[in-house]
Amino acid sequence: MVKRALISGITGMVGSHLLDYLISNTDWEVHGICRWRSPLDNIINHLPSIDSKERIYLHYCDITDYASVENVFTTCKFDYIFHLAAQSFPATSFTAPLNTYQTNIIGTENIFSNILKYSKEAIVHNCSSSEVFGRVPKQFVPIKEETPFHPASPYAISKCSADLIGRYYAEANHLKVFTTRMFTHTGPRRGDVFMESTFAKQIALIESGHIEPIIKVGNLESVRTIADVRDAVRAYYMLVTSENAKSGDCFNIGGTFTTTVKNILEYLLSQSENKSIKYVTDPSRLRPIDADLQVPDTTKFKRLTNWEPEITFEKTMTDLLNYWRLAISKNGYSYLSR
Ligand code: A2R
C-alpha cells in the first residue's frame, strides 16, 4: 500500500520544499493543507499534478477552525503528518500576539485532536522552533534539548505551547509524535520578513534599479547558526522514517555554520556586482528583546539519524539571492523593500 503523508503549511517555505523532497524521493501520496487565498507560487511546479490529482492533493482548511480541520481528517487516514502551518514570523507576533496564539496554539490543538480521532496510527512531526529557548546564557550554549524554555516573543511562547501539546498527546494518548526545534533555516522561498531574506531581496531590488543602494537592517550583532531549508526537510523525512525514535521525543536540529547577522549581510553584498551598496539601521527592525545566541547542540538528532547538513552557507545564500533576482525580474517592483 502506498503511504500517505499530510503537510500542513504546504505553501510555505518549508512545506513546499518538503513537498519537493517527498515527490522526488518517495512514492508517497502527498496531501497538503492550505487556505483558499494561500499564494501558490512556492508549489507552482506541482500545479499540473495537483490539477490532475496525480499523487498531490490540496485541502482548503484554516487550522484555527476545528470543523475545517476535521473535514481534512475525514477524507482519509494518513501514515505521516508534518505539522508545519504557523504564523511563523517572530516580529509579527509582537504586533499580532492573539493571531499568533490562535494559529500556533489553537491550530496545533485542532490538528492533534483530529489526529487522535481519525489518524491515531500516524507518525507525526510536530514543528516547534529554536525560539522556545529565547535568550540563553552563554554557559548553556550550544543549546541542548534540556535547556529551559525562556521565550522572548509571543511567537516563542506559542511555540512552547505547540511543543508541549505534541508531547502531551504522545504521553497521554500514545500518539507517535516527534518534535523538532530547528534553528535558523533558510534558502529559496524564505519569507521576505526574515533578516537574510530581506537583505537578499533589497540587494536584488537595488541591482534591478528599483530602490536606492541603501539596505535597511536590524540588529547585526545577533549570532545565528544557519542551515539550508533543503537540509531541514531531509532531516524531517529522516526523523519520521527512523525506526529508533522514541515517541514524545524532541530534537534540536541545525546547521554547523555559526555567524553574526553582519557577516551574513556582508557575504550577500560580496555576491553583488554593485559595490556602492550601503546599509543603515532601521529602528523598526529591532525586536524588543532578541533571541541572540542561537547555537544548537544537535548530538541527539545526529546520533538517531546520522543526518548531516550537506548544503554550504555560501550556496544557501547564493540560491536565496538568485531566488529574489528571478522573482523580481518576473514580477518587477511588486515587493516592498522591507
Ligand atoms: O499564510 P498562508 O495561507 O500562505 O499559509 C501558511 C500556513 N498557515 C496556515 N494554514 C492554515 N491555517 C492557518 N490559520 C494558517 N496560518 C498560516 O503556514 C503557510 O503555508 C505556512 C507558513 O509558511 P511560512 O511562513 O513560509 O513558514 P515556514 O518557514 O515554512 O515555517 C514552517 C514551520 C513553522 O511551524 C514555523 O514556525 C517553523 O517552521 O519554524
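For clarity, every value in this text was computed on a predicted model and none was experimentally measured.

A. Geometry of the overall build of the chain. When helices and strands are counted, the chain shows 11 helices and 13 strands. The C-alpha radius of gyration of the chain comes to 19 Å, within 12% of the 20 Å expected for a compact globule of 338 residues. For the chain, the residues scored as buried account for 56% of the 338 residues in total. A sequence separation of at least 24 residues applies to 82% of the contacts in the chain between residues at least 6 apart. Surface exposure of the chain reaches about 15,000 Å², of which carbon and sulfur atoms provide 53%. Across the chain, the 36 positively charged side chains and the 36 negatively charged ones have centroids separated by 2 Å.

B. How the structure looks around the nonpolar core. Core analysis: the largest hydrophobic core is formed by 36 residues, its most contacted members being I7, L22, W28, F82, L84, Y236 and I253. The element best represented in this core is helix 8 (residues 229-240), accounting for 8 residues. Apart from residues no more than four positions distant in its own chain, Y236 is found in contact with V14, F82, L84, H125, C127, T180, M182, H185 and I253. Ranked by size, the runner-up nonpolar core spans 26 residues in total, among them A204, I215, V217 and I328.

C. Fine view of the site of the ligand. In the vicinity of the ligand there are 21 residues, among which T11, R35, S38, S88 and Y155 approach most closely. Backbone polar atom of M13 to an oxygen atom of the ligand: 2.9 Å apart, as the coordinates give it. Contact between the ligand and D62: a nitrogen atom at 2.9 Å from a side-chain N or O atom of the residue. For the ligand, whose unbound accessible area comes to 800 Å², protein coverage reaches 86%. Mapped onto the shell around the ligand, the elements with two or more residues apiece are helix 1 (13-25) and helix 6 (154-173).

D. Layout of the pattern of salt bridges. Overall, the coordinates contain 17 salt bridges when judged by the stated rule. In this structure, R4 engages E29 in a salt bridge whose closest nitrogen and oxygen atoms are separated by 2.8 Å. Of this pair, R4 sits in strand 1 (residues 4-8) while E29 sits in strand 2 (residues 29-34); the two residues are 25 residues apart in sequence, bridging distant segments of the chain. On the accessibility criterion, R4 (23% relative accessible area) is partly exposed. Through salt bridges that share partners, D228, R230, K315 and D319 make up one connected network.

E. Layout of the side chain of H46. The residue H46 is located in the loop between strand 2 and helix 2 (47-51) in this model. If near-sequence neighbours (up to four positions away) are discounted, H46 is found in contact with L19, D20, I23 and I56.

F. Structural view of the packing of aromatic side chains. With the rule as written, the count across this model stands at 14 aromatic pairs. Aromatic side chains F73 and F78 sit 5.7 Å apart centroid to centroid with 85° between the ring planes, which places their arrangement in the edge-to-face category. The buried category is assigned to F73, whose relative accessible area is 2%. The exposure class assigned to F78 is buried, which follows from its relative accessible area of 3%. Considering the side-chain rings of F112 and Y169, the 5.3 Å spacing of their centres and the 20° angle between planes classify their relative orientation as stacked. On the criterion of sequence distance, the pair formed by F112 in helix 5 (residues 97-118) and Y169 in helix 6 is long-range, its members being 57 residues apart. Taking the relative accessible area as the measure of exposure, F112 reaches 0% and is therefore buried. Here the basic side chain of K201 rests over the ring of W324, its NZ or CZ set 5.7 Å away from the ring centre.

G. Region of the structure containing the domain arrangement of the chain. Here the chain is described as being made up of domain 1 (4-186 + 228-253) and domain 2 (195-224 + 257-292 + 311-334). One C-alpha centre belongs to domain 1, the other to domain 2, and the line joining them spans 27 Å.

H. Quick look at the pairing of strand 6 (residues 176-182). Among the 7 residues of strand 6, 6 are classified as buried, and the element is accordingly described as predominantly covered. In terms of strand pairing, strand 5 (residues 123-127) meets strand 6 through 5 bridges, oriented parallel. Each bridged residue has a counterpart across the sheet, and for C127 the counterpart in strand 6 is T180. One ladder, built from 4 bridges, connects strand 6 with strand 10 (residues 250-253); its direction is parallel. Residue pairing for strand 10: R181 is matched across the bridge by N252.

About the thresholds
- Residues numbered from 1 in each chain as written.
- Predicted model: local features only at pLDDT ≥ 70, side-chain atom pairs only at ≥ 80, totals over all residues.
- Heavy atoms only, no water.
- Helix = DSSP H or I, 4+ residues; strand = E, 2+ residues; numbered from the N terminus.
- Rg over C-alpha atoms; globule rule 2.2 N^0.38 Å.
- Buried < 20%, exposed > 50% of the residue type's maximum accessible area, 1.4 Å probe, protein only.
- Contact = heavy atoms within 4.5 Å.
- Areas by Shrake-Rupley, 256 points an atom, 1.4 Å probe, with all protein chains shown as cover.
- Lys, Arg positive; Asp, Glu negative; His and termini not counted.
- Charge placed at Lys NZ, Arg CZ, Asp CG, Glu CD.
- Core = buried A, V, L, I, M, F, W, Y, C linked by side-chain atoms within 4.5 Å.
- Near = heavy atom within 4 Å.
- Polar contact = N/O pair within 3.5 Å; in protein donor to acceptor, adjacent residues only side chain to side chain.
- Salt bridge = Lys/Arg side-chain N within 4 Å of Asp/Glu carboxyl O.
- Phe/Tyr/Trp six-rings, centres within 6.5 Å; stacked < 30°, edge-to-face > 60°.
- Lys NZ or Arg CZ within 6 Å of the ring centre and 35° of its normal.
- Domains from an automatic or database assignment.
- Pairing = 2+ DSSP bridges.

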